[in-house]
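Notes for the structure review
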Amino acid sequence: MPDRTTAVTTDDGSPTADAGAAGPPPVADARPPGRSGRHWWTALRPLVLRLHFYAGVFVAPFLLVAAVTGLLYGASFEAEKIVYDHELRVPVGERELPVSRQIDAARAAHPEGTISAVRPSPEAGATTRVLLSGVKGVDPDHTLAVFVDPYTGKVRGALEQYGSTGALPLRTWIDELHRDLHLGETGRLYSEFAASWLWVITGGGLVLWLARRRTKRRLRAIALPDRAAAGRRRTMSFHGAVGVWAAVGLFFLSATGLTWSTYAGASIEDLRSAIGQTTPSVSATLDGREQASGEHAGHGSMPGMDMGGEGPSSARDVGIDAVLKAARAEGLSNPVEIVPPADADTAYVVRQIQRSWPEKQDSVAVDPATGEVTDVLRFEDYPVLAKLTRWGVDAHTGNLFGLVNQIALGALALALIFLILWGYRMWWQRGSGSAFGRPVPRGGWQQVPPHVLVPLAAAVAVLGYFVPLLGIPLAAFWALDIVLGELAYRRGLRTYR
């Protein structure tokens, strides 16, 4: 977050003699660029400082929204268990009914729509979910989950469900608030903008803080706040120390958040495809044609299908119980999801859906006519980047390590919130009276030697192309800075542009 020390503080953060004065910045702003023999960091520091300042001031509101909504999302997992306990949990009985009978009970209570998938009870005391698509009043991207007691066949209720993690209405609402502010595809730009800049702000602040503490070799000076300090130095001390502790987690959130963003996510997916690292899927075809077997495969494809062997296609369908038995024989343990065939030429797909550690992501295809397994895909056979992406996304969303993961995400969100508030407080404390919020002096880029500036600019240009919500705002910041600098130069307020 904003670290506004150039020209108004010494290197250790203490104020100079005219730190509180209003008006033009001190002469440090007017030094000629690029003296020969100057250490590279001395030349680069003003540029990093100004970038950190601008990004902190203008991007921080988006990060604050992302942090607050992310904090709420982390808490939604446990809240969901409490709010929907009636639908999710039942008294443990002696023996579970066949899945086909549970489906019959769900269809008797909810004949609308078509069956898109079934999630048998994953553990003792948990309900079975029968997922229906094409239900009137349900978002087309969602399904209606009918909850069935696996011991009695009694329907416990029905709720709208979203995503592969089975988010129910409370978590879905918070998830969409965090992802797009309930504004659809346009709203997703806010979260991508925040993720695109989070690593830049974190990295810049970390470098500035470590460089400031380079003469204080004790770990305590870097990782712990100086409680004896006062004023702006005290705020900066807490800002820097907490930033050091949170840096790795913030880098992780930024990187994983970009993997499923709109523009940067597409670039990442193209790169993975180019190097053969995309996430594979089991083949659901019965005649050699590859079929999609994703989360919504088969939605709306078989009206009236009951998956229990009694429907119109029962003569050539062994039924869901035989399909599940075949999948169990291949080692697919709970939790699993069973997706019905999309048409006469495709198979059932049974896949594991455990996102907690250790992940269970194996999947099989089963011929509906014979009950034979036609294809098997093991998670251990995924490409390396596909595995890393899966683990990264699940850790980002609080699934990978369960409650511990969610607590860690909550701590990171709180750390980011405090870093932002301390950053704005430092901006407040930087000036006094009419000098409130005085920015870091411009012109820092002119002090960077060409042999450093040129490759740096080229690298930023390439990065900006693949991460446009970083590149476009950065170009706008730079252009605005140049224009303002030129105007100030022409008015005689600066000795160089």
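Residues numbered from 1 in each chain as written. Predicted model: local features only at pLDDT ≥ 70, side-chain atom pairs only at ≥ 80, totals over all residues. Heavy atoms only, no water.

1. Some words on the overall build of the chain
Applied cut-off: Numbering goes from the N terminus for both helices and strands, where a helix is a DSSP run of H or I of at least four residues and a strand is a run of E of at least two. Burial classes follow relative accessibility: with a 1.4 Å probe on protein chains only, a residue under 20% of its type's maximum area counts as buried, one over 50% as exposed, and anything between as partly exposed. In what follows, residue pairs with any heavy atoms lying within 4.5 Å of each other are defined as contacts.
Broken down by element type, the chain carries 13 helices and eight strands. When each of the 497 residues of the chain is scored for burial, the buried share is 52%. Taking contacts inside the chain between residues at least 6 apart in sequence as the whole, the part at least 24 apart equals 65%.

2. Some words on helix H8 (residues 263-274)
Here is the rule we go by: Multiplying 1.5 Å by the helix residue count minus one yields the expected span of that helix. Each direction from the helix axis to a C-beta atom contributes to the arc, which is the arc of those directions.
The end-to-end C-alpha distance of H8, which contains twelve residues, comes to 17 Å, matching closely the 16 Å that a straight helix rising 1.5 Å per residue would cover. Residues of H8 that are buried include every one of Ala264, Gly265 and Arg272, and no others. Along the axis of H8, the buried positions cluster into a sector of 100 degrees, meaning they face one direction only. For H8, exposure combined with an orientation more than 90 degrees from the buried face picks out Asp270 and Ala274. Turning to H8, the residues buried within the fold contact helix H5 (184-212), helix H7 (231-259), helix H10 (384-396), helix H12 (450-466) and helix H13 (468-490).

3. Some points on the pairing of strand S2 (residues 128-133)
What counts here: We call two strands paired when DSSP finds no fewer than two bridges between them.
In terms of residue burial, S2 counts as a mostly covered element, since six of its six residues are buried. In S2, alternate side chains face the same way, and those of Thr128, Val130 and Leu132 on one face and Arg129, Leu131 and Ser133 on the other are all buried. Bridge analysis of strand S1 (residues 114-119) against S2 gives five bridges, and the strand direction is antiparallel. Along S2, the bridge assignment pairs Ala117 with Leu131. Looking at chain direction, S2 and strand S3 (residues 143-148) are connected through five bridges and run antiparallel. In the sheet register, Arg129 faces S3, and the bridge partner there is Phe147.

4. Let's talk about the pattern of salt bridges
The condition is simple: Salt bridge, as applied in this entry: a Lys or Arg side-chain nitrogen positioned within 4 Å of an Asp or Glu carboxyl oxygen.
With the rule as written, the count across this model stands at twelve salt bridges. With a closest N to O distance of 3.6 Å, Glu269 and Arg272 form a salt bridge. Of this pair, Glu269 and Arg272 both sit in helix H8, three residues apart, roughly one helical turn. Look at Glu269 and you get partly exposed, because its relative accessible area is 35%. Taking the shortest distance from any N to any O, the salt bridge between Arg378 and Asp362 comes out at 3.3 Å. Pair noted here: Arg378 is in the loop between strand S8 (373-377) and H10 and Asp362 is in the loop between strand S6 (348-352) and strand S7 (363-366), with a separation of 16 residues, a long-range link.

5. As for the packing of aromatic side chains
Which entries qualify depends on this criterion: Planes of paired rings set the category: under 30 degrees apart is stacked, over 60 is edge-to-face and the rest tilted, where pairs are Phe, Tyr or Trp rings (Trp by its six-membered ring) whose centres lie within 6.5 Å.
Tallied over the entire structure, the rule returns 16 aromatic pairs. Ring centres 5.3 Å apart and planes at 75 degrees place the aromatic pair Tyr73 and Phe77 in the edge-to-face group. Here Phe77 and Tyr73 lie together in helix H1 (residues 40-83), a separation of four residues that amounts to about one turn. The burial state of Tyr73 is the same as that of Phe77; both residues are buried. Considering the side-chain rings of Phe379 and Trp391, the 6.0 Å spacing of their centres and the 70 degrees angle between planes classify their relative orientation as edge-to-face. Separated by twelve residues along the polypeptide, Phe379 in the loop between S8 and H10 and Trp391 in helix H10 bring together distant segments of the chain. On the basis of relative accessibility, which here comes to 8%, the residue Phe379 falls in the buried class. Looking at Trp391, the relative accessible area reads 26%, which means it is partly exposed. In textbook terms, an aromatic cluster arises when at least three aromatic residues are bridged by ring pairs, as seen for Phe53, Tyr54, Phe58, Trp197, Tyr424, Trp427 and Phe477.

6. Some remarks on the environment of Val200
With respect to the helices, strands and loops of the structure, Val200 is situated in helix H5. Between the C-alpha atoms of Val200 and Leu51, which are 149 residues apart in sequence, the distance is 8.9 Å. With residues up to four places along the chain from it excluded, the contact list for Val200 reads Leu51 and Leu470.

7. Concerning the confidence of the model for the chain
Any segment with low pLDDT has predicted coordinates that should not be analysed in fine detail. To keep things clear, this is the line we draw: A residue's pLDDT is simply how confident the predictor is in it, with values from 0 to 100.
Across the chain, the average pLDDT comes to 84, with 81% of residues at 70 or higher. Contacts from residues 1-38, a stretch scored under 50 in pLDDT, to residues over four places away or in other chains number 88 contacts. When the criterion is pLDDT under 50, residues 308-314 qualifies, and its contacts beyond four places in sequence or with other chains add up to six contacts.

8. Focus: the nonpolar core
As a reminder, the rule being used: What we call a nonpolar core is a set of buried Ala, Val, Leu, Ile, Met, Phe, Trp, Tyr and Cys residues that are connected through their side-chain atoms within 4.5 Å.
The biggest cluster of nonpolar side chains holds 35 residues, and the ones touching the most others in it are Val59, Leu63, Trp197 and Leu250. Of all elements in the fold, only H1, H5, H7, helix H11 (402-430) and H13 reach the threshold of two or more residues within this core. Broken down by element, the residue count for this core peaks at nine residues, all from H1. Contacts of Leu63, omitting those with residues within four sequence positions, involve Ala194, Leu198, Ile201, Leu416 and Ile420. In terms of nonpolar packing, the next biggest core, distinct from the first, is built from 24 residues, Ile103, Val146, Tyr348 and Val350 among them.

9. Describing the packing of helix H4 (residues 169-180) against H5
Short version of the rule: Working convention: axes come from line fits to C-alpha atoms, limited for helices to the stretch in contact. Angles between N-to-C directions cover 0 to 180 degrees. To sort the angles, those under 35 degrees are grouped as roughly parallel, those over 145 as roughly antiparallel, those from 65 to 115 as roughly perpendicular, and the leftovers as oblique. In the scheme used here, Gly and all other residues not listed as nonpolar or charged are polar, with Ala, Val, Leu, Ile, Met, Phe, Trp, Tyr, Cys and Pro taken as nonpolar and Asp, Glu, Lys and Arg as charged.
Packing of H4 against H5 brings their axes to within 6 Å, and their N-to-C directions diverge by 65 degrees. Classed by the angle they form, the pair H4 and H5 counts as roughly perpendicular. Facing H4, whose interface residues are Leu177, His178, Arg179 and Asp180, H5 presents Gly184, Gly187, Arg188, Tyr190 and Ser191. Here the residues of the contact of H4 with H5 are counted per class, giving two nonpolar, four polar and three charged.

10. A word on unusual backbone geometry
Cis geometry is adopted by the peptide bond preceding Pro335, which originates at Asn334 and carries an omega value of -5 degrees. Inspection of the secondary structure puts Pro335 in the loop between helix H9 (320-329) and strand S5 (336-339). Residues Trp357 and Pro358 are joined by a peptide bond in cis, for which omega reads -5 degrees. Assignment of secondary structure puts Pro358 in the loop between S6 and S7. Phi is positive for Leu181, which is not a glycine, with a value near 60 degrees.

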